[in-house]
Amino acid sequence: QVHLVESGGGLVQPGGSLRLSCTASGSIQSINTMGWYRQAPGEEHELVATSTSGDIATYADSVKGRSTISRDNAKNTVYLQMNSLKPEDTALYYCYLRSGTTVYWGQGTQVTVSS
């Protein structure tokens, strides 16, 4: 079993920055993908960014150029640095880890962008 714990969410003004962190513990395979989804009220889940264990990163168009995903494999931790935040970035951000066909989820961390 794998357990994911997110941190770093909060309230930030438009144009501000936040850094989300997600640490995995448990039976973690070395080859995996970690990343972030988000869900705003009344909206579908959106895949925000992913990072493979080989450091290949992908981004949603909505955050490309404003966000950077990175990971520390030694710490089983993935980070999402978000800059130039907009009110439409307000959502519950979920971390996930995919290993083979199994996907594990964190509980989510709320990001609210508002003045």
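To be clear, the structure that these remarks concern was listed above.
Note that the structure is a prediction, hence the values are computed from the model and not measured. (Residues numbered from 1 in each chain as written. Predicted model: local features only at pLDDT ≥ 70, side-chain atom pairs only at ≥ 80, totals over all residues. Heavy atoms only, no water.)

This part covers the state of the cysteines. Among covalent bonds in proteins, the disulfide is the one between the sulfur atoms of two cysteines. For the coordinates displayed, the defined rule picks out one disulfide. With a sulfur-sulfur separation of 2.0 Å, cysteine 22 is cross-linked through a disulfide to cysteine 95. On the sign convention where negative means left-handed, the S-S torsion of about -75 degrees between cysteine 22 and cysteine 95 marks this disulfide as left-handed. With cysteine 22 in strand E3 (residues 18–26) and cysteine 95 in strand E9 (residues 91–99), the pair connects residues that are 73 residues apart, well separated along the chain. Neither residue differs from the other here; cysteine 22 and cysteine 95 are each classed as buried. (Disulfide = S-S within 2.5 Å. Helix = DSSP H or I, 4+ residues; strand = E, 2+ residues; numbered from the N terminus. Buried < 20%, exposed > 50% of the residue type's maximum accessible area, 1.4 Å probe, protein only.)

As a further point, take the sheet that holds strand E7 (residues 67–72). Spatially, four strands are ordered E1-E3-E8-E7 in an open sheet, and the strand pairing comes out antiparallel. The outermost strands of the open sheet, each flanked by one partner alone, are strand E1 (2–7) and E7. Along the sheet, successive strands turn relative to each other by an average axial angle of 15 degrees, direction set aside. One ladder, built from six bridges, connects E7 with strand E8 (residues 77–82); its direction is antiparallel. If you follow aspartate 72 over to E8, its bridge partner there is threonine 77. (Pairing = 2+ DSSP bridges. Axes fitted to C-alpha atoms, helices over the stretch in contact; angles between N-to-C directions.)

Here the focus is the packing of aromatic side chains. Within the structure shown, the criterion is met by three aromatic pairs. With a centroid separation of 5.7 Å and an interplanar angle of 40 degrees, the aromatic rings of tyrosine 96 and tryptophan 105 are classed as tilted. Given a relative accessible area of 44%, tryptophan 105 falls into the partly exposed group. Pairwise contacts between aromatic rings join Tyr37, Tyr96 and Trp105 into one cluster. One residue, arginine 19, lies across the ring of tyrosine 79, its end atom 4.0 Å from the ring centre. (Phe/Tyr/Trp six-rings, centres within 6.5 Å; stacked < 30°, edge-to-face > 60°. Lys NZ or Arg CZ within 6 Å of the ring centre and 35° of its normal.)

Attention shifts here to the pattern of salt bridges. Going through the model one piece at a time under the given rule, you end up with four salt bridges. With a shortest N-O distance of 2.7 Å, arginine 38 and glutamate 46 are connected by a salt bridge. By relative accessible area, arginine 38 is classed as buried at 6%. Residue glutamate 46 is classed as partly exposed on the basis of its relative accessible area, which comes to 26%. Aspartate 89 is the partner of arginine 38 in a salt bridge, and the nearest nitrogen-oxygen pair spans 2.9 Å. Separated by 51 residues along the polypeptide, arginine 38 in strand E4 (residues 33–39) and aspartate 89 in the loop between E8 and E9 bring together distant segments of the chain. Of the two residues, arginine 38 and aspartate 89, both sit in the buried class. (Salt bridge = Lys/Arg side-chain N within 4 Å of Asp/Glu carboxyl O.)

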